[in-house]
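# Observations on the model geometry
In case you want the letters, here they are:
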Amino acid sequence: MAIGKIKHILLTHYETYRTTNYVSTVMHENVMKMLGCRTPLMGSHIYKCDTCDHEVNIPNTCKSRFCSVCGYKAT
């Protein structure tokens, strides 16, 4: 699964930015939630068909307004 451009930029540059600039606790928490969105860090739900035993693993989202996926859904 491809990651979005904003998530890629944060994964690449956030730690460097954080060490040279002030980042509030709330901002840091939201960045960490967004980076963990739809990954095993956030967990998942497994849906299983009673008839054929087919399973689908759906990753949890972060539900953060800061996230480019979850924030878009909230608006």
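I will try to describe carefully the structure that is included in this document. All values derive from a computational prediction rather than experimental measurement. Each chain has its residues counted from 1, running along the sequence as written. Only residues with pLDDT of at least 70 are given local features in this predicted model, and only at 80 or more are side-chain atom pairs given and counted; all residues enter the totals for whole chains, interfaces and linings. Heavy atoms from the whole structure form the basis of all side-chain values; hydrogens and water molecules are not counted.

## Remarks on the side chain of K7
Secondary structure follows DSSP: runs of H or I at least 4 residues long count as helices, runs of E at least 2 residues long count as strands, and numbering of each begins at the N terminus. Among the structural elements, K7 can be located in helix α1 (residues 5-20). Relative accessibility thresholds used throughout: buried, under 20% of the residue-type maximum; exposed, over 50%; partly exposed, between the two (1.4 Å probe, protein chains only). Working convention for charge: Lys and Arg count positive, Asp and Glu count negative, and His plus the chain ends are omitted. Any Lys or Arg side-chain nitrogen found within 4 Å of a carboxyl oxygen on Asp or Glu counts as a salt bridge. Put simply, K7 is tucked away with no salt bridge, and the nearest opposite charge, on E15, sits 14 Å away. Other than its neighbours up to four places away in sequence, K7 contacts M34, L35, C37 and T39. Note on contacts: a residue pair qualifies if any of its non-hydrogen atoms lie within 4.5 Å across the two residues.

## Side note on a nonpolar patch on the surface
The patches reported here contain residues having more than 30% relative accessible area and no salt bridge. Joining distances are 9 Å for like charges and 5 Å for nonpolar side chains (Val, Leu, Ile, Met, Phe, Trp, Tyr). Only the protein chains shown count as cover for residues, with accessible areas throughout obtained via the Shrake-Rupley method and a probe of 1.4 Å. Taken together, the side chains of Y47, V56 and I58 define a hydrophobic patch exposed on the protein surface, amounting to about 270 Å² of accessible area. Topologically, Y47 is positioned in strand β1 (residues 44-48). With relative accessibility at 51%, the residue Y47 sits in the exposed group.

## Observations regarding the nonpolar core
Residues grouped as a nonpolar core are buried Ala, Val, Leu, Ile, Met, Phe, Trp, Tyr and Cys residues, joined through side-chain atoms within 4.5 Å. Judged by nonpolar contacts, L10, Y14, V23, V31, M34, L35, C37, C62, C67 and C70 together constitute the single largest core of 10 residues. If you list the elements that add at least two residues to this core, you get α1 and α2 (25-36). Once you skip the residues sitting within four places of it in the chain, C70 turns out to touch C37, T61, C62, K63 and S64.

Distances and angles like these do not, on their own, reveal function.
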